[in-house]
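Observations on chain architecture
Here is what each chain is made of, one letter per residue.
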Amino acid sequence: MAPQMIIICENTLSSMALRSLLSDVVPGIEVVCYRSAEEFRNQSSMVAHIFVTANILFHNPELFQPYMRRTFVLTEGEASPFVQSGFLKIDLVNILNRVGYSTTAMESLCNM
């Protein structure tokens, strides 16, 4: 089984936007979306990278510690009080805005 990119996000539209972006950037990679940490906890595939919302990480830090170097925490803006040190952070609104998604539309989608 090939490694997968994993998205763990409560917001379906945010997951779809990020999945589309990742598929464009890394053609042929399998991107799997989960709506909760519980769904991810039960997966058995190889993980290349994980993209998780700050809220999910905050409530399940033990689940993501083994993947720390491969986990990107999705935030809204540069600062997020929920992100533990050692995890990589991505300002999702800023990134999607740079590749042509509407900032206003993304702000309404990214209720993380």
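Note that the coordinates shown come from a computational prediction; the quantities given were computed from them, not determined experimentally.

**Points about helix α1 (residues 12–25)**
The terminal C-alpha atoms of α1 lie 20 Å apart, and with 14 residues this matches the ideal 20 Å at 1.5 Å per residue to within 8%. Taken residue by residue, α1 has Ser-14, Ser-15, Ala-17, Leu-18, Leu-21 and Leu-22 as its buried positions. Down the axis of α1, the sector holding all buried residues measures 165°, keeping them to one side. In this structure, α1 carries Met-16 and Asp-24 as exposed residues pointing more than 90 degrees from its buried face. Its side-chain oxygen placed 3.0 Å from the backbone nitrogen of Leu-13, Asn-11 serves as the N-cap of α1.

**Structural notes on the packing of aromatic side chains**
This structure, assessed with the given rule, holds four aromatic pairs. Measuring from ring centre to ring centre gives 5.9 Å for Phe-40 and Phe-64, while their planes differ by 5°; the resulting arrangement is stacked. With Phe-40 in helix α2 (residues 37–41) and Phe-64 in helix α4 (residues 61–64), the pair connects residues that are 24 residues apart, well separated along the chain. Phe-64 gets classed as buried once you look at its relative accessible area, which sits at 0%. Measuring from centroid to centroid gives 5.1 Å for Phe-51 and Phe-72, while their planes differ by 15°, and the two rings are stacked. One end of the pair, Phe-51, is in strand β3 (residues 47–53); the other, Phe-72, is in strand β4 (residues 71–75), with 21 residues separating them in the sequence. The two residues Phe-51 and Phe-72 agree in class, both being buried.

**So, the confidence of the model for the chain**
Looking at the chain as a whole, the pLDDT averages 80, with 79% of positions reaching at least 70. Between residues 103–112, whose pLDDT stays under 50, and residues either more than four places distant or in other chains, the model counts 24 contacts.

**Brief notes about the sheet that holds β4**
Taken in spatial order, the five strands of this open sheet run β2-β1-β3-β4-β5, and their pairing is parallel. Each end of this open sheet is capped by a strand with a single partner; those strands are β2 (30–34) and β5 (88–91). Between one strand and the next, the sheet's axes are offset by a mean angle of 25°, whatever the strand orientation. With respect to the sheet, α1 is in contact with β1 (4–8), β2, β3 and β4, its orientation differing from that of β2 by roughly 170°.

Procedures and definitions
- Residues numbered from 1 in each chain as written.
- Predicted model: local features only at pLDDT ≥ 70, side-chain atom pairs only at ≥ 80, totals over all residues.
- Heavy atoms only, no water.
- Helix = DSSP H or I, 4+ residues; strand = E, 2+ residues; numbered from the N terminus.
- Expected span 1.5 Å × (residues − 1).
- Buried < 20%, exposed > 50% of the residue type's maximum accessible area, 1.4 Å probe, protein only.
- Arc of directions from axis to C-beta.
- Polar contact = N/O pair within 3.5 Å; in protein donor to acceptor, adjacent residues only side chain to side chain.
- Phe/Tyr/Trp six-rings, centres within 6.5 Å; stacked < 30°, edge-to-face > 60°.
- pLDDT = per-residue confidence, 0-100.
- Contact = heavy atoms within 4.5 Å.
- Pairing = 2+ DSSP bridges.
- Axes fitted to C-alpha atoms, helices over the stretch in contact; angles between N-to-C directions.

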